[in-house]
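Structure assessment
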Amino acid sequence: MDVRNFGKVAVLFGGRSAEREVSLNSGSRVLAAMQRQGVDAHAFDPASRRLDELALFDRAFIALHGRHGEDGTIQGVLEMMGIPYTGSGVMASALGMDKWRSKLLWRAAGLPVPEYVLLDGSSDLAQVEAELGLPLFVKPACEGSSIGITKVLRPGELGAAYAAAAKHDSLVIAERAILGGEYTVAILGDQALPIIKIEPSGEFYDYEAKYLRDDTAYLCPCGLPEGREKQLRAQALEAFRIIGGRGWGRVDFLMDPVSAASGGQAYFLEVNTSPGMTDHSLVPMAARAAGIEYEELVVRVLALATLG
């Protein structure tokens, strides 16, 4: 692949979201990997540069996370300017960022999702606890990196959890805890990469476990039976396509504890249309398990940049 064909590439990272620090980490690594391979790549932080300056570039690699980066907004700007970009389009990016609406689509398509309730200031929290059971998770619908998520363990804790999530989003989800293990499937083009099982040392896979701790275990092979893993990889690719995903991404799912060992019931959790590319990130791990090293992964993602 002749990297000169990419032209002048903007690596978008930083931004103004709550995930800015993670994005800075991802983008700086992506930028360095491109430059080592001779790509004419340049840093572009939308928090400090005018968006009309993107007209100077031929292609964009989106390494932004969270609001204004993976929710369809920057994708819309690039569409209007006619600049091919990595990852999903406007609609899929917006749906992927919205955990509630992506669940609605998946459920309508027959994919299993954890039972959940939408919360607001008038919700009967005791009834929600009784309906979903404990433990349960409370999360903002439109944040990533586990920001604003609380695991509710005891009766009466739901109110504080709701308040913590509502600081980040007016739309808050309470979700039944599925405790048979958390797994993720990286998507690259039309290929679902090997599944990774995530084993945090704390209560759940929170921000600290994702980015700051070195004792989170990532298992690949994931331990599921070979035939079941093949099925789940296909289902994850279907889940990605249902929201309109393209290029690359990641689909997370949970296993029922009763059937996890036999590769039984899985529940689809969320999709990430602008995955992390840090040294703790899951897509590079899955790619490496498939024989794709970091620098090759970056170029392959860039080659998938498109419009429409």
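Going by the structure above, here's the rest.
Keep in mind the model is a prediction, meaning the values are calculated, not measured. (Residues numbered from 1 in each chain as written. Predicted model: local features only at pLDDT ≥ 70, side-chain atom pairs only at ≥ 80, totals over all residues. Heavy atoms only, no water.)

Helix and strand counts for the protein come out as 10 helices and 13 strands. Here the C-alpha atoms of the protein give a radius of gyration of 19 Å, agreeing with the 19 Å that 2.2 N^0.38 yields for 308 residues. In terms of overall dimensions, the protein has C-alpha extents of about 60 × 45 × 35 Å along its principal axes. Looking at the protein as a whole, 55% of its 308 residues qualify as buried. Across the protein, every contact between residues at least 6 apart in sequence was considered, and the portion connecting residues at least 24 apart equals 68%. On the protein, roughly 12,700 Å² of surface is accessible, and the fraction owed to carbon and sulfur atoms is 51%. Positive and negative side-chain charges in the protein, numbering 30 and 39 respectively, have mean positions lying 3 Å apart. (Helix = DSSP H or I, 4+ residues; strand = E, 2+ residues; numbered from the N terminus. Rg over C-alpha atoms; globule rule 2.2 N^0.38 Å. Buried < 20%, exposed > 50% of the residue type's maximum accessible area, 1.4 Å probe, protein only. Contact = heavy atoms within 4.5 Å. Areas by Shrake-Rupley, 256 points an atom, 1.4 Å probe, with all protein chains shown as cover. Lys, Arg positive; Asp, Glu negative; His and termini not counted. Charge placed at Lys NZ, Arg CZ, Asp CG, Glu CD.)

With respect to the helices, strands and loops of the structure, Ser93 is situated in helix H3 (residues 90-97). Owing to a relative accessible area of 1%, Ser93 belongs among the buried residues under this scheme. Ser93 has contacts with Glu70, Asp71, Gly72, Gln75, Ser88 and Thr273, leaving out every residue within four places of it along the chain.

Moving on: the sheet that holds strand S1 (residues 8-12). With parallel pairing, the 3 strands of this open sheet are ordered in space as S2-S1-S3. Two strands bound the open sheet, and with one partner strand each, they are strand S2 (40-44) and strand S3 (59-62). Ignoring strand direction, the axes of neighbouring strands in this sheet form an average angle of 30°. By the bridge criterion, 4 bridges tie S1 to S3 in an arrangement that is parallel. Across the sheet, the residue bridging to Ala10 is Ala60, located in S3. Its contacts with the sheet place helix H10 (residues 294-303) against S1 and S3, and it is angled at close to 125° to S3. (Pairing = 2+ DSSP bridges. Axes fitted to C-alpha atoms, helices over the stretch in contact; angles between N-to-C directions.)

Right, let's talk about the packing of aromatic side chains for a bit. Per the counting criterion, the structure on display carries 5 aromatic pairs. With centroids separated by 6.1 Å and ring planes inclined at 65°, the aromatic side chains of Trp106 and Phe268 adopt a geometry described as edge-to-face. In this pair, Trp106 sits in helix H4 (residues 99-108) while Phe268 sits in strand S13 (residues 266-272), placing the two residues 162 residues apart along the sequence. Of the two residues, Trp106 and Phe268, both sit in the buried class. Each ring, one from Phe253 and one from Phe268, has its centre 5.9 Å from the other, and the planes form 50°; the classification is tilted. In this pair, Phe253 is assigned in strand S12 (residues 248-255) and Phe268 in strand S13, connecting sequence segments 15 residues apart. Comparing Phe253 with Phe268 shows no difference in burial state: the two are buried. An aromatic cluster is present here, built from Trp106, Tyr183, Phe253 and Phe268 joined pairwise through their rings. (Phe/Tyr/Trp six-rings, centres within 6.5 Å; stacked < 30°, edge-to-face > 60°.)

Attention now goes to unusual backbone geometry. In this structure, the amide linkage connecting Leu134 to the following residue, Pro135, adopts the cis form with an omega of 0°. Within the element layout of this structure, Pro135 appears in the loop between helix H5 (125-132) and strand S5 (136-140). With omega at 15°, the peptide bond leading from Cys220 into Pro221 counts as cis. Among the secondary structure elements, Pro221 is positioned in the loop between strand S11 (217-219) and helix H8 (226-242). Positive phi outside glycine occurs at His68, with the angle close to 70°. Structurally, His68 can be placed in the loop between S3 and helix H2 (73-81).

With that settled, the discussion passes to the sheet that holds S5. Taken in spatial order, the 4 strands of this open sheet run S4-S7-S5-S6, and their pairing is antiparallel. Here the strands that pair on one side only, and so sit at the sheet edges, are strand S4 (116-119) and strand S6 (150-152). Going from strand to strand, the sheet's axes swing by 25° on average, the running direction of each strand aside. Sheet topology places S5 next to strand S7 (residues 172-176); 5 bridges connect them, and they run antiparallel. Paired with Leu136 across the bridge in S7 is Arg176. Across the sheet, H4 touches S4, S5 and S7, and the angle it forms with S4 is around 145°.

Let us now look at empty space enclosed by the protein. Applying the stated rule across the entire model yields 1 cavity of 30 Å³ or more. By volume, the largest cavity amounts to about 40 Å³. Lining the largest cavity, in full, are Ile62, Gly69, Gln75, Thr86, Gly87, Ser88, Ser93, Trp248, Thr273 and Ser274. Considering only residue class, the lining of the largest cavity consists of 2 nonpolar, 8 polar and no charged. (1 Å grid on protein atoms, 1.4 Å probe; cavity = no way out; pocket = protein on both sides within 12 Å on 5 of 7 lines; lining within 4 Å. Points joined across faces, edges and corners; volume = space filled by probe spheres on them. Nonpolar A, V, L, I, M, F, W, Y, C, P; charged D, E, K, R; others polar.)

Of the residues making up helix H6 (residues 158-166), those classed as buried are Leu158, Ala161, Tyr162 and Ala165. In an axial view of H6, the angular spread of the buried residues amounts to 100°, which keeps them on one side of the axis. Summarising the contacts, the buried residues of H6 are in contact with S4, H5, S5, S6 and S7. (Arc of directions from axis to C-beta.)

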